[in-house]
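Residue-level structure breakdown
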Amino acid sequence: MKTGSRLGWPVELDDPPVGLRPLRYRDARAWAEIRSRNAEWLRRWEATPPPSSSSPPMSFRQMVRMYSAQGRTDEALSWAVTYQGRLAGQLGVSNIIWGSARMGTVGYWVDGALAGRGIIPTALALTVDYCFFTAGLHRLEVNIRPENQASLRVVEKLGFRDEGVRPRLLHIDGDWRDHRSFALTVEDVPDGLLNRWHASQRLP
């Protein structure tokens, strides 16, 4: 679809059985079921408004509209992660800066029932390649709580560079939490991250 956005939103990416597509209004029931079932797990890792925030929580429809608007204005990208055609999680590129920086921050979550199947590493590799080689970003970073071993394994498998701890970076689960910052630039993956991820899986 041709749009005025340099991000090319809306866009769908796939590397079967993993796919990325925009969230849709009709995803509401499946999204709510997955989020409810994973609420305790996700609570430990997801950013939350600090106590001083007065913004009310968004409905699912409001969230979908916000993501669509951000994509059209080149501020952010957000995808539903699918596995074998079914909703499995979510991945987004936020805080996109153009000009001399051309960078963004990636966040993701996956249904715990599907963890360990390579879904998020594949989705993240697809995202990196799209952002670098189609959208024109230069740097992507992922910030992870040091206690989140599952998410740390994702960036380690994909070869993200560990750039150290950023103290009290985000408000999560009632307090300001430290994060480890990982990054890639386009020079790190000249042949594409998805190719490198596939090659690593074929190693004995």
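In what follows, the accompanying structure is described. (Residues numbered from 1 in each chain as written. Predicted model: local features only at pLDDT ≥ 70, side-chain atom pairs only at ≥ 80, totals over all residues. Heavy atoms only, no water.)

1. A word on the environment of Thr105
Rules: Only DSSP runs of H or I with at least four residues qualify as helices, and only runs of E with at least two residues qualify as strands; both kinds are numbered from the N terminus onward. Residues are treated as being in contact if the distance between any of their heavy atoms lies within 4.5 Å.
Note that Thr105 resides in strand β5 (residues 103–110). Measuring from C-alpha to C-alpha, the distance between Thr105 and Asn143 comes to 7.8 Å, with 38 residues separating the pair along the chain. With sequence-adjacent residues up to four places away left out, Thr105 is seen in contact with Gly92, Val93, Ser94, Asn95, Glu141 and Asn143.

2. Quick notes on the packing of aromatic side chains
Aromatic ring pairs are reported here in terms of the distance separating the ring centres and the angle at which the planes meet. The condition that has to hold: Think of it this way: a Phe, Tyr or Trp ring, Trp meaning its six-membered ring, pairs with another when their centres are within 6.5 Å, and the plane angle makes it stacked under 30 degrees, edge-to-face over 60, tilted otherwise. Think of it in three bands: with a 1.4 Å probe and only protein chains considered, a residue is buried below 20% of the maximum accessible area for its type, exposed above 50%, and partly exposed in between. We call a charge positioned above a ring when the Lys NZ or Arg CZ atom is no farther than 6 Å from the ring centre and deviates by at most 35 degrees from the ring normal.
Counted under the stated rule, the structure contains five aromatic pairs. Pairing Trp31 with Phe60 gives two aromatic rings, centres 5.3 Å apart and planes at 50°, and the pair type is tilted. One end of the pair, Trp31, is in helix α1 (residues 28–37); the other, Phe60, is in helix α3 (residues 60–72), with 29 residues separating them in the sequence. What makes Trp31 buried here is its relative accessible area of 17%. Using a relative accessible area of 13% as the deciding quantity, one classes Phe60 as buried. Geometrically, the ring pair formed by Trp79 and Tyr130 is edge-to-face, given 6.1 Å between the ring centres and 90° between the ring planes. Taken together, the positions of Trp79 in strand β3 (residues 77–83) and Tyr130 in helix α4 (residues 119–135) put the pair 51 residues apart, joining distant regions of the chain. Among the aromatic side chains, those forming a connected cluster through ring pairs are Trp9, Trp79 and Tyr130. When the ring centre of Trp98 is taken as reference, the NZ or CZ atom of Arg6 above it lies at 4.0 Å. One cation-aromatic arrangement involves Arg61 over Tyr25; the distance from NZ or CZ to the ring centre is 3.8 Å.

3. Examining the packing of α4 against helix α5 (residues 149–158)
For any two helices packed against each other, one specifies the inter-axial angle together with the distance between the axes. To keep things clear, this is the line we draw: A fitted line through C-alpha atoms serves as each axis, taken over the contacting stretch for helices, and the angle formed by two N-to-C directions is quoted from 0 to 180°. Note on terminology: angles under 35 degrees are roughly parallel, angles over 145 are roughly antiparallel, angles of 65 to 115 are roughly perpendicular, and the others are oblique. Handedness of a crossing follows from how the near helix is turned relative to the far one, being left-handed for an anticlockwise turn of less than a right angle and right-handed for a clockwise one. Note that Gly is not counted as nonpolar here; it falls among the polar residues with everything else outside the nonpolar set of Ala, Val, Leu, Ile, Met, Phe, Trp, Tyr, Cys and Pro and the charged set of Asp, Glu, Lys and Arg.
It is the contact of α4 with α5, at a shortest axis distance of 10 Å, that shows an interaxial angle of 55°. Our classification of the angle between α4 and α5 gives oblique. Our pair here, α4 against α5, has a crossing hand that is right-handed. Touching Ile120, Pro121, Leu124 and Ala125 of α4 are Val154, Lys157 and Leu158, all from α5. Looking at the contact of α4 with α5 residue by residue, the class counts come to six nonpolar, no polar and one charged.

4. Looking at the sheet that holds strand β7 (residues 161–172)
The strands that make up a sheet are held in pairs by hydrogen bonds between backbone atoms, and each pair lies either parallel or antiparallel. Heads up, the condition is: Two strands form a pair only when DSSP identifies at least two bridges running between them.
Strand order in the open sheet formed by eight strands is β1-β2-β3-β4-β5-β6-β8-β7, with mixed pairing between adjacent strands. The sheet is open, and its two borders are formed by β1 (13–15) and β7, each paired with just one other strand. Averaged over all pairs of adjacent strands, the angle between strand axes in this sheet comes to 25°, irrespective of strand direction. Pairing of strand β2 (residues 18–21) with β3, which is carried by four bridges, proceeds in the antiparallel orientation. Looking at the pairing, Leu20 lines up with Val81 of β3.

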